[in-house]
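For reference, the chains in residue letters:
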Amino acid sequence: MIKFVHIKKILVTGGAGYIGSHACVELLNSGYKVIVIDNLSNSNEESIKRVQKITKKKIQFVKADLLDKEALLYVFEKNNIDAVIHFAGLKAVGESEEKPLLYYQNNVIGTINLCQAMIQHNVKNIVFSSSATVYGSCENLPINENSKTAPKNTYGRTKLIIENFLEDIKKSDHDWGIQILRYFNPVGAHDSGLIGEDPKGVPNNLMPYVAQVALGSLEIIPVYGNDYSTKDGTGVRDYIHVVDLAKGHIKALENIAKNSGYSVLNLGTGRGYSVIEIIDTFKKVSGVDIPYKVTERRKGDVAASYANVTLAQKELDWIAEKSLEKMCEDTWNWQKNNPNGYV
Ligand code: NAD
Ligand code: UFG
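Described below are features of the structure shown in this document.

Calculation notes
Residues numbered from 1 in each chain as written. Chains lettered and ligands numbered in written order. Predicted model: local features only at pLDDT ≥ 70, side-chain atom pairs only at ≥ 80, totals over all residues. Heavy atoms only, no water. 1 Å grid on protein atoms, 1.4 Å probe; cavity = no way out; pocket = protein on both sides within 12 Å on 5 of 7 lines; lining within 4 Å. Points joined across faces, edges and corners; volume = space filled by probe spheres on them. Helix = DSSP H or I, 4+ residues; strand = E, 2+ residues; numbered from the N terminus. Nonpolar A, V, L, I, M, F, W, Y, C, P; charged D, E, K, R; others polar. Expected span 1.5 Å × (residues − 1). Buried < 20%, exposed > 50% of the residue type's maximum accessible area, 1.4 Å probe, protein only. Near = heavy atom within 4 Å. Polar contact = N/O pair within 3.5 Å; in protein donor to acceptor, adjacent residues only side chain to side chain. Areas by Shrake-Rupley, 256 points an atom, 1.4 Å probe, with all protein chains shown as cover. Core = buried A, V, L, I, M, F, W, Y, C linked by side-chain atoms within 4.5 Å. Contact = heavy atoms within 4.5 Å.

Turning next to empty space enclosed by the protein. Going through the model one piece at a time under the given rule, you end up with 1 cavity of 30 Å³ or more. Size it by volume and the largest cavity reaches roughly 60 Å³. Tyr-18, Val-187, Gly-188, Glu-197, Met-207, Pro-208, Ala-211, Thr-331, Trp-334 and Gln-335 are the residues that line the largest cavity. Mapped onto the lining of the largest cavity, the elements with two or more residues apiece are helix H7 (206–215) and helix H11 (324–337). In terms of residue class, the lining of the largest cavity is made up of 6 nonpolar, 3 polar and 1 charged.

As structure tokens, this is what we get:
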């Protein structure tokens, strides 16, 4: 349904985190006013300061938890919020298996609280961070938005539950504009080297692991299996530069300002790279030797996952532009400049 809403002030939940901080840069550079809510459970307020330094613009920061309904309502009451970009959530697959209720409470209940506060204050535009993990086993590649959803872990199930209830909200009230974005594998950093991914402890994900081995803070990369039916036997993924991803959110906001409705889009590049290709490219870009050893497959991993991105290109007029070299270059630049992350 066509509509014309002027979206000016955006509430960014989880805006101190990895993807959220990059989205804040793009929002501020595009002229939006930004208010961030984050409980800093997996981030550092320093990222907000760095975003302000990059953009020379101000962010309103509220340290609060989405589980705190009063705090949420207060934020909506005191601000004229036009739309929400909802990044806040816990995202560690392994931890979600160990502590399922923590994940259901934080991700699902947190989002219900957010939607209730939105309804109470008549804010009906939301962009939601979902994940390619909702697809589960990825039998047919590239994965399009109509592919079967069957998440293999608790984290993925929290994302799918949220997608489903957002769709129900839309069915109950057609004024809502809901954009579900299923990210593939976000990597890289802002090219200022001021913001980037700052995982707590030993990274679970490949790219930050590679960067820390290149830096010398970790010894060797475990390559989880080289007997998959892929080009070189190692896992293949659709890595997308975080700045391209962040720009996709601006396009998604423009889209919901013009159209109400519920839509689901993959955000990826449409190209798959293997673990070995990532290590080799990082080596080339950094000029550093990066040792690795092949180990057992990691439980729950799929051989290959990459997106069909034609729908996002069409609906958002958006395409990921940055190369794998640039993803590695920017990761390395961030890691070298911030060997201990934001601390
Ligand atoms: P992140 O952990 O860096 O950012 C999430 C932010 O949310 C953190 O700053 C954290 O402190 C905050 N947060 C968590 N629970 C909260 C709560 N209850 N109240 C307030 N703040 C809370 O993660 P990210 O990589 O930036 O991911 C952002 C979103 O994208 C997440 O929803 C994640 O599930 C999703 N996603 C991430 C990836 C990825 O590989 N990074 C892939 C697909 C989807
Ligand atoms: N890998 C290694 N060694 C490592 C880490 C990873 O060989 O130390 C391999 C994995 O086996 C996989 C590939 O590198 O083949 C990518 O692994 P990541 O952990 O970086 O990414 P995943 O695709 O497994 O998962 C990520 C996020 C999920 C998200 C999913 C889709 O962790 O939360 O992308 O968006 F759901």
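Over its 12 residues, helix H9 (residues 275–286) extends 16 Å from the first C-alpha to the last, a length consistent with the 16 Å expected when each residue adds 1.5 Å. Buried within H9 we find Val-275, Ile-276, Ile-278, Ile-279, Thr-281, Phe-282 and Ser-286. Residue Gly-287 follows H9 closely and has a positive phi angle near 70°.

With an omega of -10°, the peptide bond running from Leu-141 to Pro-142 counts as cis. Counting through the fold element by element, Pro-142 comes out in the loop between strand E5 (125–131) and helix H6 (154–172). Positive phi outside glycine occurs at Lys-56, with the angle close to 55°. Since its relative accessible area comes to 74%, Lys-56 is described here as exposed. A positive phi angle, close to 55°, is found at Asp-317, a residue other than glycine. By secondary structure assignment, the location of Asp-317 is in the loop between helix H10 (310–316) and H11. For Asp-317, a relative accessible area of 59% puts it in the exposed group.

A few words now on the site of ligand 1. Around ligand 1 lies a shell of 27 residues, among which Asp-38, Asn-42, Ser-43, Lys-91 and Tyr-155 are the nearest. Ile-19 places a polar main-chain atom, nitrogen or oxygen, 2.8 Å from an oxygen atom of ligand 1. One nitrogen or oxygen atom from the main chain of Ser-41 is found 3.0 Å from an oxygen atom belonging to ligand 1. Considered on its own, ligand 1 offers 810 Å² of accessible surface; in the complex 95% of this is hidden by protein.

Moving on to the site of ligand 2. Taken together, 22 residues are adjacent to ligand 2, and Phe-184, Asn-205, Pro-222, Arg-237 and Asp-301 come closest. Between an oxygen atom of ligand 2 and a side-chain N or O atom of Ser-131, the distance comes to 3.4 Å. Between ligand 2 and the protein, one listed contact pairs an oxygen atom with a side-chain N or O atom of Asn-185 at 3.0 Å. In isolation ligand 2 exposes 680 Å². Once the protein is present, 89% of that is buried. Of all elements in the fold, only H7 and strand E8 (221–224) reach the threshold of two or more residues within the shell around ligand 2. Per-class residue counts for the shell around ligand 2 are 12 nonpolar, 6 polar and 4 charged.

A general trend in soluble globular proteins is that nonpolar side chains are found buried together. In terms of nonpolar packing, the biggest core is built from 44 residues, with Ile-10, Leu-27 and Leu-253 touching the most fellow members. The dominant element in this core, judged by the number of residues it contributes, is helix H8 (residues 242–258), at 9 residues. Non-local contacts of Leu-27, meaning those with residues more than four positions away in its chain, are made with Ile-10, Val-12, Tyr-32, Val-34, Ile-85, Ile-250 and Leu-253. Within the second largest apolar cluster, 27 residues are counted, among which are Ala-117, Ile-162, Ile-178 and Val-264.

The next subject is the side chain of Thr-234. Inspection of the secondary structure puts Thr-234 in the loop between E8 and strand E9 (236–237). Within the structure, the side chain of Thr-234 is placed 2.6 Å from the side chain of Asp-232, a separation counted as a polar contact. Within the structure, Thr-234 has its side chain in polar contact with the backbone nitrogen of Val-275 (distance 3.2 Å). Excluding residues that lie within four positions of it along the chain, Thr-234 makes contacts with Val-223, Gly-225, Asn-226, Tyr-228, Ser-274, Val-275 and Ile-276.

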